[in-house]
Amino acid sequence: MGDMRSLVKMLMVVLFLGWIFIWIMISTDLYKSKWTPKLAKNLNTTYFGPQGMNLVLLTVPMMFIAVLSCVYLHTQKKPTQPQREWKLKGRMGRVIMVMNPLGIVTATELIFSLLFVALLIWALSSHLYLSYHVHLHNHDNAKIWQAKFRAFGLRMGYVGHYCWAFLFFPVTRASTILPLVGLTSESSIKYHIWLGHVSNFLFLVHTVVFLIYWAMTNQLMETFAWNPTYVSNLAGTIAMVIGIAMWVTSLPSYRRKKFELFFYTHQLYGLYIIFYVMHVGDSWFCMILPNIFLFFIDRYLRFLQSTKRSRLVSAKILPSDNLELTFAKTSGVHYTPTSILFLHVPSISKLQWHPFTITSSSNLEKDTLSVVIRRQGSWTQKLYTHLSSSIDSLEVSTEGPYGPNSFDVSRHGSLILVGGGSGVTPFISVIRELIFQSQNPSAKLPNVLLVCAFKHYHDLAFLDLIFPSDISVSDISKLNLRIEAYITREDKKPETTDDHRLLQTKWFKPQPLDCPISPVLGPNNFLWLGVVILSSFFMFLLLIGIVTRYYVYPVDHNTGKIYNFSYRALWDMFLGSVCIFISSSIVFLWRKKQNKEGDKESKKQVQSVEFQTPTSSPGSWFHGHERELESVPYQSIVQATSVHFGSKPNLKKILFEAEGSEDVGVMVCGPRKMRHEVAKICSSGLAKNLHFEAISFNW
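Residues numbered from 1 in each chain as written. Predicted model: local features only at pLDDT ≥ 70, side-chain atom pairs only at ≥ 80, totals over all residues. Heavy atoms only, no water.

- Looking at an unreviewed UniProt entry, one finds the protein named ferric-chelate reductase (NADH), with Arabidopsis lyrata subsp. lyrata as its source organism.
- Here is the UniProt Cofactor (unreviewed entry) comment for the protein, exactly as written: "FAD".
- A UniProt comment under Sequence similarities (unreviewed entry) is attached to the protein, and it reads "Belongs to the ferric reductase (FRE) family." (UniProt positions renumbered as here; feature names shortened; annotations may be inferred.)

### Describing the overall build of the protein
Inference 1: Scanning the protein from N- to C-terminus turns up 20 helices and 18 strands.
Inference 2: For the protein, the residues scored as buried account for 52% of the 699 residues in total.
Inference 3: For the protein, long-range pairs separated by at least 24 residues make up 80% of all intrachain contacts whose partners lie at least 6 apart in sequence. (Helix = DSSP H or I, 4+ residues; strand = E, 2+ residues; numbered from the N terminus. Buried < 20%, exposed > 50% of the residue type's maximum accessible area, 1.4 Å probe, protein only. Contact = heavy atoms within 4.5 Å.)

### With respect to the packing of helix 4 (residues 107–134) against helix 5 (residues 144–164)
Inference 1: Two elements in contact, helix 4 and helix 5, have axes separated by 9 Å at closest approach and are oriented at 150°. Relative to helix 5, the element helix 4 is oriented roughly antiparallel. Here helix 4 runs over helix 5; the crossing is right-handed. Side by side, helix 4 and helix 5 meet where Phe116, Leu119, Leu120, Ala123, Leu124, His127, Leu128, Ser131 and Tyr132 of the first sit next to Lys148, Ala151, Phe152, Arg155, Met156, Tyr158, Val159, Tyr162 and Cys163 of the second.
Inference 2: Grouping the amino acids of the contact of helix 4 with helix 5 by side-chain chemistry returns 14 nonpolar, two polar and two charged. (Axes fitted to C-alpha atoms, helices over the stretch in contact; angles between N-to-C directions. Parallel < 35°, antiparallel > 145°, perpendicular 65-115°, else oblique. Left-handed = near helix turned anticlockwise from the far one by under 90°. Nonpolar A, V, L, I, M, F, W, Y, C, P; charged D, E, K, R; others polar.)

### So, unusual backbone geometry
Inference 1: Between Gly400 and Pro401 the backbone carries a cis peptide bond, its omega angle lying at 5°.
Inference 2: Following the sequence through the fold, Pro401 ends up in strand 9 (residues 397–402).
Inference 3: One non-glycine residue, Thr338, lies in positive phi territory at about 75°.
Inference 4: Inspection of the secondary structure assignment puts Thr338 in the loop between strand 5 (323–328) and strand 6 (340–344).

### Some words on the pattern of salt bridges
Inference 1: This model, assessed by the stated rule, comprises eight salt bridges.
Inference 2: Measuring nitrogen to oxygen at the nearest pair gives 4.0 Å for the salt bridge that ties Glu324 to Lys316. The burial state of Glu324 is the same as that of Lys316; both residues are buried.
Inference 3: The salt bridge involving Arg432 is made with Glu365; its shortest N-O contact spans 2.5 Å. Residue Arg432 is located in helix 13 (residues 425–437), and its partner Glu365 is located in the loop between strand 7 (354–358) and strand 8 (368–373); the two are separated by 67 residues in the primary sequence.
Inference 4: Of the residues examined, Glu365 reaches a relative accessible area of 12% and is grouped as buried.
Inference 5: The network of salt bridges with shared partners includes Arg173, Asp298, Arg302 and Glu399. (Salt bridge = Lys/Arg side-chain N within 4 Å of Asp/Glu carboxyl O.)

### A short note on the packing of helix 10 (residues 269–280) against helix 16 (residues 565–594)
Inference 1: Contact geometry for helix 10 and helix 16: axes closest at 8 Å, N-to-C directions at 135°. The angle between helix 10 and helix 16 places the two elements in the oblique class. Handedness of the helix 10/helix 16 crossing: right-handed. Note on element contacts: helix 16 touches helix 10 through Phe565, Ser566, Ala569, Leu570 and Met573, opposite Ile273, Ile274, Val277, Met278, His279 and Val280.
Inference 2: Tallied by class, residues from the contact of helix 10 with helix 16 come to nine nonpolar, two polar and no charged.

### Quick word on the pairing of strand 6
Inference 1: Taking burial as the measure, the five residues of strand 6 include five buried ones, the bulk of the element.
Inference 2: With burial as the criterion, each face of strand 6 is covered, one bearing Ile340, Phe342 and His344 and the other bearing Leu341 and Leu343.
Inference 3: Note: strand 6 against strand 7, four bridges, orientation antiparallel. Within the sheet, the bridge partner assigned to Leu343 lies in strand 7 and is His354.
Inference 4: Bridge count between strand 6 and strand 9: four bridges; the pairing is antiparallel. Considered in strand 9, the bridge of Phe342 is made with Glu399. (Pairing = 2+ DSSP bridges.)

### Examining empty space enclosed by the protein
Inference 1: Enumeration according to the criterion identifies four cavities of 30 Å³ or more in this entry.
Inference 2: Space inside the largest cavity adds up to approximately 60 Å³.
Inference 3: Surrounding the largest cavity, Phe48, Gly49, Pro50, Gln51, Asp282, Ile544, Val547, Thr548, Val552, Arg568, Trp571 and Asp572 form its lining.
Inference 4: Contributing elements (two or more residues each) for the lining of the largest cavity: helix 15 (525–558) and helix 16.
Inference 5: With four residues, helix 15 is the single largest residue contributor to the lining of the largest cavity. (1 Å grid on protein atoms, 1.4 Å probe; cavity = no way out; pocket = protein on both sides within 12 Å on 5 of 7 lines; lining within 4 Å. Points joined across faces, edges and corners; volume = space filled by probe spheres on them.)

### Some points on the sheet that holds strand 16 (residues 641–645)
Inference 1: A sheet is described by the order of its strands in space; here six strands give the open sequence 16-12-11-10-17-18, paired in parallel fashion. The open sheet has two free edges, formed respectively by strand 16 and strand 18 (690–695), since each of these has just one partner strand. For this sheet, the mean angle separating the axes of adjacent strands, direction not counted, is 15°.
Inference 2: As judged from the six bridges shared by strand 10 (residues 414–420) and strand 17 (residues 664–669), these two strands associate in the parallel manner. Across the sheet, residue Ile416 finds its bridge partner in strand 17, namely Val666.
Inference 3: Packing of helix 13 onto the sheet brings it into contact with strand 10, strand 11 (447–454), strand 12 (481–487), strand 17 and strand 18, and relative to strand 10 it is tilted by some 150°.
Inference 4: Running over the sheet, helix 20 (residues 672–683) touches strand 10, strand 11, strand 17 and strand 18 and is turned about 160° from strand 18.

### Quick word on the packing of aromatic side chains
Inference 1: Counted under the stated rule, the structure contains 36 aromatic pairs.
Inference 2: The lysine or arginine in question, Arg549, covers the ring of Tyr550, its NZ or CZ lying 5.3 Å from the ring centre. (Phe/Tyr/Trp six-rings, centres within 6.5 Å; stacked < 30°, edge-to-face > 60°. Lys NZ or Arg CZ within 6 Å of the ring centre and 35° of its normal.)

### Comments concerning a nonpolar patch on the surface
Inference 1: Residues Tyr47, Phe538, Leu542, Ile546 and Tyr550 make up a contiguous nonpolar surface patch of roughly 560 Å² in combined accessible area.
Inference 2: Of note, Leu542 is situated in helix 15.
Inference 3: When its relative accessible area of 48% is taken as the criterion, Leu542 is described as partly exposed. (Patch = residues over 30% accessible without salt bridge, like charges linked within 9 Å, V, L, I, M, F, W, Y side chains within 5 Å. Areas by Shrake-Rupley, 256 points an atom, 1.4 Å probe, with all protein chains shown as cover.)

### Remarks on the nonpolar core
Inference 1: In terms of nonpolar packing, the biggest core is built from 88 residues, with Trp164 and Ile533 touching the most fellow members.
Inference 2: Leaving out residues up to four positions away in the same chain, Ile533 has contacts with Met63, Ala66, Val67, Cys70, Leu294 and Ile297.
Inference 3: In terms of nonpolar packing, the next biggest core, distinct from the first, is built from 38 residues, Val430, Ile431, Ile435 and Ala485 among them. (Core = buried A, V, L, I, M, F, W, Y, C linked by side-chain atoms within 4.5 Å.)

Written out as structure tokens, the structure reads:
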């Protein structure tokens, strides 16, 4: 098995390097004047037309890598549960700088970013050299400087196209490409943002240059021209208008303060792709096809998963007015600490999906999955209002869970977890996973220090979620946990407690359509995803070959006409969508049929859950001193916690005090300022034993 994985890995590396090599060479005179004629002669066949060369060189390798990655991840060794070991590793290397607007940048990220920028500069300079010194296109008989100005705008658009070859990889949630380099969709969203900014800037320059050129040459109506045999300017204009709308509303000032405007505008991405592809044509579409094809496979599978109504078992309303929702799940749902789950509540919004941190452990809690929701923003406020009312059921759909493919923590002697506000919630799943590890007598657990900062005293209720309510003393006896909690806006503990400070638990009645959360393709999810990718892409090649040979080719060669430039691209998009729909649906329904007995058992178990009346109880932090704590988990939390009022944690002091430890893993989740401060301390070099990783859900 190990030899096969090594062979698959080597093959993927070779294919990827070859793919990158083509992208480097594609802008050179050698490629255009020497290689292209020979390659086109052999690859632009009657079955694929002018897109054949790019299809073979730039589409097939990445699709093959996607299939191989499914095999690679499927054959990944899955340790037996009690012996499972976790290691904390910075997913993209050691922090090298912290600066706005880039944020926390690791050495690996910096290297790859510089290489990508170098590729863009190389492509632009090579294209401009060809335009200025080899062959300057001047079909309009404009002045030389005007023709060069036009060439500059054209080449800026070419370079923007390079960004689109990578744009959708980071937002493919169930990607099999990202785990190969230790990334998740959540942690790589920033790359999508960077690529979006760069590509939209380049396309904007491309558009403005052409508008100025057409104005100088009295051809402004070319903006709305739809050439049936060449590039459609009108399609490009429409794509640019949509792109600008998406770009402006995705800026931080809009995205954070007017999320709904950002969300609904971003749903125009489908139209953006359609008009963009109609503008560049089928041959150039094949250059960027892999990441778009894989994204839409993921998107459709997510849609299929979301059609099921998930069984909501209970909701805890914390004294801080935040929520913990608990869902039923099948035992086949496995996820790692710090994973997230997307929720959709149709009664609140028909379109919106929101990600929330999972606090449970799939190893410790085999039949349930819990998420924590902070009441912030209109959507979560409406959800809180719903759950606070007298309802006994709520329709909820879910997508996920999504998270790192592996999450290792045991190689460090100590763990320092730094959380601000609701940023403490990802660490609940880490601690629960360590509780599971402690059940192995030979397991060596790290010492854990949880440093958390809250604005108000009642926010300490987050800590009540650290241990599951059914945990026993023996389960947590081996866990060496210390909590330092800081209340920044209050100088002392409140003296009074009212009903508002009660921890309320609501139980929901099972409904006939409720189903436990399950993997979209069932067990062996990666393997079946590979089947979907391979079958849909093979079907696409087959259908595009048939359409080109028996429909497009006769028009080009038998009638003396040229088949519509934009229609070729439409055929690619249409057939690709059809193939994804057919292949994904067949595999999904087949797997659903195979898992039918298990689903019946799970559904029967869900329906048999006894409905309980809502309960209220004091949290650990809101009881009188004369009241003895009856709950073992709550008592353990209080005993492990030191509460500091009126101050913020001195992170530099806390982290440097760990200098004497042999190896310290540092994780931080919270406000940007806190993440940056911890990153700067860890990257300062003053404490070389600190291994840093940030968790951010700020999209």
